[in-house]
Amino acid sequence: MRSGSAPSPPRYEVIGIEGVPEVKPGDDIARFIAEAAGRQSTPLAGGDLLVVGQKIVSKAEGRLVRLADVTPSPVAEAMAVGLGRDPRLVEVILRESRRVVRMDQGVLITETHHGWVCANAGVDQSNVERDCVALLPEDPDRSARALRDRIRTLTGLAGLAPLRSYLGERDPAGRPLQATILAVADELAAAAEPVMGKLDRIPAAIVRGLPLVPGEEGSKPLLRDPARDLFR
């Protein structure tokens, strides 16, 4: 910066990583991503945050189920009638769920075994072979750490603190902040989504230029205490 010049305004960029090959069970997606980032002249660098779509992680870990291999339970059969859904799909969703939160008008909201509340327990039929569904990773934190550690051997990265708490700090008017906690991991994942898209075959993105707080907590801090969760 030149002497006397105004400071640069805060900014960061999101870079989609193109050219990642189709992923199969057992593939080294860390190498796929690192090599694809290098080919497009945006190699991973220190300070980068890597956002990776869940689907390629699930594919690499073999978290795929063929509906032809699923025998629905009587409960799934009964629920499928009311939902207008394939009972085999409902069976897979129930297997991936800790409990059903809401069910109405074809919509099934459940709490997964990880503690996440989402549609269909995260079971997804898009971007997989016909008659197949993809499940969430069994342990997303473990998957993320393994991916990070593998990329670290290829390039060099660190973990991210998923929350940024402003509790106790004061706003410009001097009022103490009492309920302001920013879900940094969610915010950055959402920021990357428009670059990655759903049909663009861009399963990963780099967030670059944003100061981040390292951390090893994983995703558990993002789960709201059930006693304070008005949606449970």
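These notes cover the structure that comes with them. Just so you know, these numbers come straight off a predicted model, no measurement behind them.

## Describing the overall build of the chain
Item 1. Secondary structure assignment for the chain yields six helices and ten strands.
Item 2. Per-residue burial over the chain gives 36% buried out of 232 residues.
Item 3. In the chain, 59% of the contacts between residues at least 6 apart in sequence involve partners at least 24 apart.
Item 4. Each charge class in the chain can be summarised by its mean position, and for the 31 positive and 32 negative side chains these summaries are 3 Å apart.

## Focus on the sheet that holds strand E2 (residues 49–52)
Item 1. As summarised here, the arrangement of the three strands in space is E1-E10-E2, forming an open sheet in which the pairing is antiparallel. With partners counted over all chains shown, the strands left at the sheet margins are strand E1 (13–17) and E2, one partner each. Within the sheet, the average angular offset between the axes of one strand and its neighbour, ignoring direction, is 25°.
Item 2. Examined bridge by bridge, E1 and strand E10 (residues 204–208) share five bridges and lie antiparallel to one another. Bridged to Ile17 within E10 is Ala204.
Item 3. Helix H1 (residues 29–39) rests against E1, E2 and E10 of the sheet, and its axis sits at about 110° to E1.
Item 4. In the packing of helix H6 (residues 184–196) onto the sheet, contacts are made with E1, E2 and E10, and the angle to E2 comes to roughly 65°.

## Some details on the sheet that holds strand E5 (residues 107–112)
Item 1. Judged by pairing direction, the sheet is antiparallel, and its three strands sit side by side in the order E4-E5-E6 without closing on themselves. Pairing within the sheet leaves two strands with one partner each, and these edge strands are strand E4 (97–104) and strand E6 (117–119). When the angles between neighbouring strand axes are averaged without regard to direction, this sheet yields 30°.
Item 2. Bridge analysis of E4 against E5 gives six bridges, and the strand direction is antiparallel. Residue Arg99 lies in a different strand from E5, and its bridge partner there is Glu111.

## Notes on the packing of H1 against helix H5 (residues 140–154)
Item 1. The geometry of H1 relative to H5 is characterised by a closest axis approach of 9 Å and an angle of 45° between their N-to-C directions. One element, H1, and the other, H5, form an angle in the oblique class. Every pair of crossing elements has a handedness; the one defined by H1 and H5 is right-handed. Contact residues: H1 offers Ile29, Ala30, Arg31 and Ala34, while H5 offers Leu147, Arg150, Ile151 and Leu154.
Item 2. Among the residues forming the contact of H1 with H5, the class breakdown is six nonpolar, no polar and two charged.

## Side note on the packing of helix H3 (residues 74–83) against helix H4 (residues 87–95)
Item 1. The geometry of H3 relative to H4 is characterised by a closest axis approach of 8 Å and an angle of 115° between their N-to-C directions. Seen along the crossing, H3 lies across H4 with a hand that is right-handed. When H3 is examined against H4, the residues Val75, Ala76, Glu77, Met79, Ala80 and Leu83 are found in contact with a partner set consisting of Pro87, Val90, Glu91 and Leu94.

## Focus on H5
Item 1. With 15 residues, H5 ought to run about 21 Å at 1.5 Å a step, and its terminal C-alpha atoms sit 21 Å apart, in line with that.
Item 2. Residues of H5 that are buried include every one of Asp141, Ser143, Leu147, Arg148 and Ile151, and no others. Buried positions in H5, seen along its axis, are confined to an arc of 160° and lie on one side of it.
Item 3. Positive backbone phi, approximately 120°, marks Gly156, located one or two places after H5.

## Focus on the state of the cysteines
Item 1. Under the defined criterion, the tally for this structure stands at zero disulfides.
Item 2. Take Cys118: it sits in no disulfide, and the sulfur closest to it among the cysteines is that of Cys132, at 20 Å.
Item 3. Owing to a relative accessible area of 23%, Cys118 belongs among the partly exposed residues under this scheme.

## Some thoughts on the pattern of salt bridges
Item 1. Scanning all chains against the criterion turns up 20 salt bridges.
Item 2. The partner of Arg63 in a salt bridge is Glu138, with the nearest N and O atoms 3.6 Å apart. Of the two residues, Arg63 sits in the loop between helix H2 (54–60) and strand E3 (64–66) while Glu138 sits in the loop between strand E7 (132–134) and H5, which places them 75 residues apart along the sequence.
Item 3. Residue class for Arg63 comes out buried when judged on its relative accessible area of 14%.
Item 4. In this structure, Arg152 and Asp149 form a salt bridge, with 3.2 Å as the shortest nitrogen-oxygen distance. Residue Arg152 and its partner Asp149 are located together in helix H5, separated by three residues, close to a single helical turn.
Item 5. Judged by relative accessible area, which is 34%, Asp149 ranks as partly exposed.
Item 6. Shared partners join several salt bridges into a network, and the residues in it are Arg63, Glu96, Glu138 and Arg142.

Rules used in this analysis
Residues numbered from 1 in each chain as written. Predicted model: local features only at pLDDT ≥ 70, side-chain atom pairs only at ≥ 80, totals over all residues. Heavy atoms only, no water. Helix = DSSP H or I, 4+ residues; strand = E, 2+ residues; numbered from the N terminus. Buried < 20%, exposed > 50% of the residue type's maximum accessible area, 1.4 Å probe, protein only. Contact = heavy atoms within 4.5 Å. Lys, Arg positive; Asp, Glu negative; His and termini not counted. Charge placed at Lys NZ, Arg CZ, Asp CG, Glu CD. Pairing = 2+ DSSP bridges. Axes fitted to C-alpha atoms, helices over the stretch in contact; angles between N-to-C directions. Parallel < 35°, antiparallel > 145°, perpendicular 65-115°, else oblique. Left-handed = near helix turned anticlockwise from the far one by under 90°. Nonpolar A, V, L, I, M, F, W, Y, C, P; charged D, E, K, R; others polar. Expected span 1.5 Å × (residues − 1). Arc of directions from axis to C-beta. Disulfide = S-S within 2.5 Å. Salt bridge = Lys/Arg side-chain N within 4 Å of Asp/Glu carboxyl O.

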